[in-house]
Amino acid sequence: MSSNKTESMNLSKTLAVAVGLLDNNGETPPSVASDKQEKDGNSSQTPIEKSIDMLTKLQTQISRAGTLSNNEVLDDVATSSLEFIGVEYHLGRAFLMLPTYQLGGGSNSNSNNTTNPSILRKTNITRATDYFHAYLKKVDQLDLLAEATIKEYHTLLDMEDIEDDAKSRPITTRMNQSQIREMKIQRFQRKRAASQKQAQLQSLLQRRSRLGLAQEEEMEGHDFESLSRTLYIETLRLYAEECLEEIQSCNSELEMLDMAIKMERGRMISQDPRMNSDPNHSRSGAADGGGGFLSKQPLQMTQITQNPLTGELQMQTQQVMNGQLKPIMQRQEIANQVFRPGWNQPTMTLEELGERERADAIQRAEQQKVAEAEAKLRPRRYEQLVKDGMEDDERLVEASAKLDRDWDDWKEENPRGSGNKMSERGDRNF
């Protein structure tokens, strides 16, 4: 019995060291740094690689010791063994954090420097996803998950089956964006509730430690073992929610990695000198029945311009076809054209427009007042002076008298009807 307890303590300590390497961004926790330095003989490994090695060995030791059995239920698992259920979850985390270039010489490291980083990242994500699925399958068999979490997990499995067999199934069977958004909201709420419950239980453990209570003594209906067991269960449930979130993120990243790998392979093929042979040599080879061929890749040019409104640099790739430059429509350019409105966009807010209109109205009113004041001092006919009540102004009266004389002289020179020439028209015989 004592040997089993000692072995469980050693496994728990190893798990703490491995998880500490992940939680501390590759830095060993101070409480286990001395033990780690004594046991760690391979200094060329990165902290993430060391954590993966430790977790892999721990997984093997747990399997050999029979600490966890596949046919057990949650009540059959000892409280001290509950934390070992999350080994696969931590392995999935570690592979997601594993770099895509050679840093060390561990057994789980990427041993080929010349391998494409996208391919290495895809391999790491695939292994991490497998570990996340293994963890979810294990906690599902233990009936540890809530009903909503189990439903989402089974939905995720169905979606992966549909993605694997997408060619033979209609596209309408996939979830739309609103359903995915609702699923994320529900998962976030469950994750927040599990985090709050975990923090509450940890606070209770800290209170027991401060008060110095014995393990058999109860506080708020829990002794030390029941409180620790509940904390482990809530932590495992929180791990399950994080696994679902990571699996969904990994699936999206795998799609982008597949596209990147295809693009990089196409770029490597285009840079291969065997794919860019001399056209004259290709023609002669084809005429002689050889294996040469003409390169069908058109010449491409990149034009760099600056947006006159935002000042942002813009790049446009063009290709030469039939002696003319034609732009290559990129995905973002097509998206900008699709969602661009067909009308002019506003250049100011309604508040700014109101302030401008108000300032213009005030300026027009002041100009009108000045114009009216100047119009009153202008010379005009005496009749208009009388109407305006300005007949007592001698200067205006003299100026109006001159205007009246000029008007009378013009009327004498141009009598009424003198400009009418229609009277001379008509039949002269009558």
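Since we're looking at a predicted model, the values are computed, not measured.

**Q** How should I be thinking about the overall build of the protein in this particular structure?
**A** Along its length, the protein carries 13 helices and three strands. The buried share of the protein, taken over its 430 residues, is 27%. Contacts in the protein between residues far apart in sequence, at least 24 positions, make up 56% of those at least 6 positions apart. Only carbon and sulfur atoms are counted for the fraction: they give 50% of the accessible area of the protein, which is about 30,400 Å².

**Q** Even after reading the chapter, I still don't get the side chain of glutamate 152, so can you show me in this structure?
**A** Take glutamate 152: it is sitting in helix α6 (residues 147-164). When near neighbours in sequence (up to four residues on either side) are disregarded, glutamate 152 contacts Met183, Arg187, Arg190 and Leu244.

**Q** Before we go on, may I ask you to explain the state of the cysteines in this structure?
**A** A covalent bond bridging the sulfur atoms of two cysteines is what the word disulfide describes. The final tally for this structure, using the stated rule, is zero disulfides. With no disulfide partner, cysteine 250 has as its closest neighbouring cysteine sulfur the one in cysteine 243, 9.9 Å distant. By relative accessible area, cysteine 250 is classed as buried at 2%.

**Q** Is there a simple way to think about unusual backbone geometry in this case?
**A** Negative phi values dominate among residues other than glycine, just as trans dominates among peptide bonds. At aspartate 143, a residue that is not glycine, the phi angle is positive and equals roughly 55°. By the element assignment, aspartate 143 lies in the loop between α5 (117-141) and α6. The exposed category is assigned to aspartate 143, whose relative accessible area is 61%.

**Q** Just checking my understanding: could you explain the packing of helix α3 (residues 47-65) against helix α4 (residues 87-97) for this structure?
**A** The relative placement of two packed helices is expressed as an angle between their axes plus a distance between the axes. Two numbers describe how α3 lies on α4: the axes approach to 10 Å, and their chain directions differ by 155°. With respect to α4, the axis of α3 lies roughly antiparallel. As for the relative orientation of α3 and α4, their crossing is left-handed in sense. In this structure, α3 contributes Ile48, Ile52, Leu55, Thr56, Leu58, Gln59 and Ile62 to the contact, and α4 contributes Val87, Glu88, His90, Leu91, Ala94, Phe95 and Met97. The class makeup of the residues in the contact of α3 with α4 is 10 nonpolar, three polar and one charged.

**Q** For this particular structure, what's the right way to read the nonpolar core?
**A** Soluble globular proteins: nonpolar side chains tend toward being buried together. Counting residues in hydrophobic clusters, the biggest one holds 45 residues, and the most contacted among them are Tyr135 and Leu136. Put simply, the parts of the chain that give this core at least two residues each are α1 (2-23), α3, α4, α5, α6 and α8 (224-271). Per-element accounting of this core gives the leading share, 10 residues, to α8. In this view, tyrosine 135 contacts Ile85, Gly86, Glu88, Tyr89, Leu236, Tyr239, Ala240 and Cys243; residues no more than four positions away in its chain are not counted. Judged by nonpolar contacts, the second largest core, of six residues, contains Leu201, Leu204, Leu205 and Met219.

**Q** Looking at this structure, I do not really get the pattern of salt bridges. What am I missing?
**A** Close approach of charged atoms allows side chains with opposite charge to pair. Under the defined criterion, the tally for this structure stands at 11 salt bridges. Here arginine 190 makes a salt bridge to glutamate 152, at a shortest N to O gap of 2.4 Å. Of this pair, arginine 190 sits in helix α7 (residues 177-211) while glutamate 152 sits in helix α6, and the two are 38 residues apart along the sequence. Comparing arginine 190 with glutamate 152, the two get one shared label, buried. Salt bridges sharing partners connect three or more residues here, namely Glu152, Arg187, Arg190 and Glu241.

**Q** Help me understand the packing of aromatic side chains in this model?
**A** Remark: the centre distance and the inter-plane angle together describe each pair of aromatic rings, the angle taken between the planes. The tally for this structure, following the rule as stated, stands at six aromatic pairs. When the ring of tryptophan 407 is compared with that of tryptophan 410, the centres are 5.5 Å apart and the planes differ by 10°; the resulting orientation is stacked. Pair noted here: tryptophan 407 and tryptophan 410 are both in helix α13 (residues 394-413), with a separation of three residues, about one helical turn. According to the relative accessible area criterion, tryptophan 407 is partly exposed, its value standing at 36%.

**Q** Before we go on, may I ask you to explain the packing of α4 against α5 in this structure?
**A** Relative orientation of the contacting elements α4 and α5 amounts to 165°, with a least axis distance of 8 Å. Viewed along their axes, α4 and α5 adopt a mutual orientation that is roughly antiparallel. Here α4 and α5 pass one another in a crossing that is left-handed. Contact with α4, carried on its side by Glu88, Tyr89, Leu91, Gly92, Arg93, Phe95 and Leu96, involves Arg121, Asn124, Ile125, Arg127, Ala128, Tyr131, Phe132, Ala134, Tyr135 and Lys138 of α5 and no other residues of that element. Tallied by class, residues from the contact of α4 with α5 come to 10 nonpolar, two polar and five charged.

**Q** What is the right way to read α5 from this model?
**A** Given 3.6 residues per helical turn, the α-helix brings residues three or four places apart onto the same face. For α5, built from 25 residues, the straight-helix expectation of 36 Å at 1.5 Å per residue is met to within 8% by its first-to-last C-alpha distance of 36 Å. Within two residues after α5, aspartate 143 carries a phi angle of roughly 55°, on the positive side.

**Q** Even after reading the chapter, I still don't get a nonpolar patch on the surface, so can you show me in this structure?
**A** Among the surface-exposed residues, Ile304, Leu313 and Met315 lie close enough to one another that they form a single nonpolar patch of about 370 Å² accessible area. Relative to the helices and strands, methionine 315 resides in strand β2 (residues 313-321).

**Q** Looking at this structure, I do not really get the confidence of the model for the protein. What am I missing?
**A** Caution applies to low-pLDDT parts of the model: their predicted coordinates are not meant to be read in detail. Residues of the protein with pLDDT of at least 70 account for 72%, and the chain-wide mean is 75. Of all the helices and strands in the protein, helix α9 (residues 279-287) carries the lowest mean pLDDT, 45, while helix α11 (residues 350-376) carries the highest, 91. Every residue in residues 281-295 is under pLDDT 50, and counting partners more than four places away or in other chains gives 13 contacts.

Definitions and cut-offs
Residues numbered from 1 in each chain as written. Predicted model: local features only at pLDDT ≥ 70, side-chain atom pairs only at ≥ 80, totals over all residues. Heavy atoms only, no water. Helix = DSSP H or I, 4+ residues; strand = E, 2+ residues; numbered from the N terminus. Buried < 20%, exposed > 50% of the residue type's maximum accessible area, 1.4 Å probe, protein only. Contact = heavy atoms within 4.5 Å. Areas by Shrake-Rupley, 256 points an atom, 1.4 Å probe, with all protein chains shown as cover. Disulfide = S-S within 2.5 Å. Axes fitted to C-alpha atoms, helices over the stretch in contact; angles between N-to-C directions. Parallel < 35°, antiparallel > 145°, perpendicular 65-115°, else oblique. Left-handed = near helix turned anticlockwise from the far one by under 90°. Nonpolar A, V, L, I, M, F, W, Y, C, P; charged D, E, K, R; others polar. Core = buried A, V, L, I, M, F, W, Y, C linked by side-chain atoms within 4.5 Å. Salt bridge = Lys/Arg side-chain N within 4 Å of Asp/Glu carboxyl O. Phe/Tyr/Trp six-rings, centres within 6.5 Å; stacked < 30°, edge-to-face > 60°. Expected span 1.5 Å × (residues − 1). Patch = residues over 30% accessible without salt bridge, like charges linked within 9 Å, V, L, I, M, F, W, Y side chains within 5 Å. pLDDT = per-residue confidence, 0-100.

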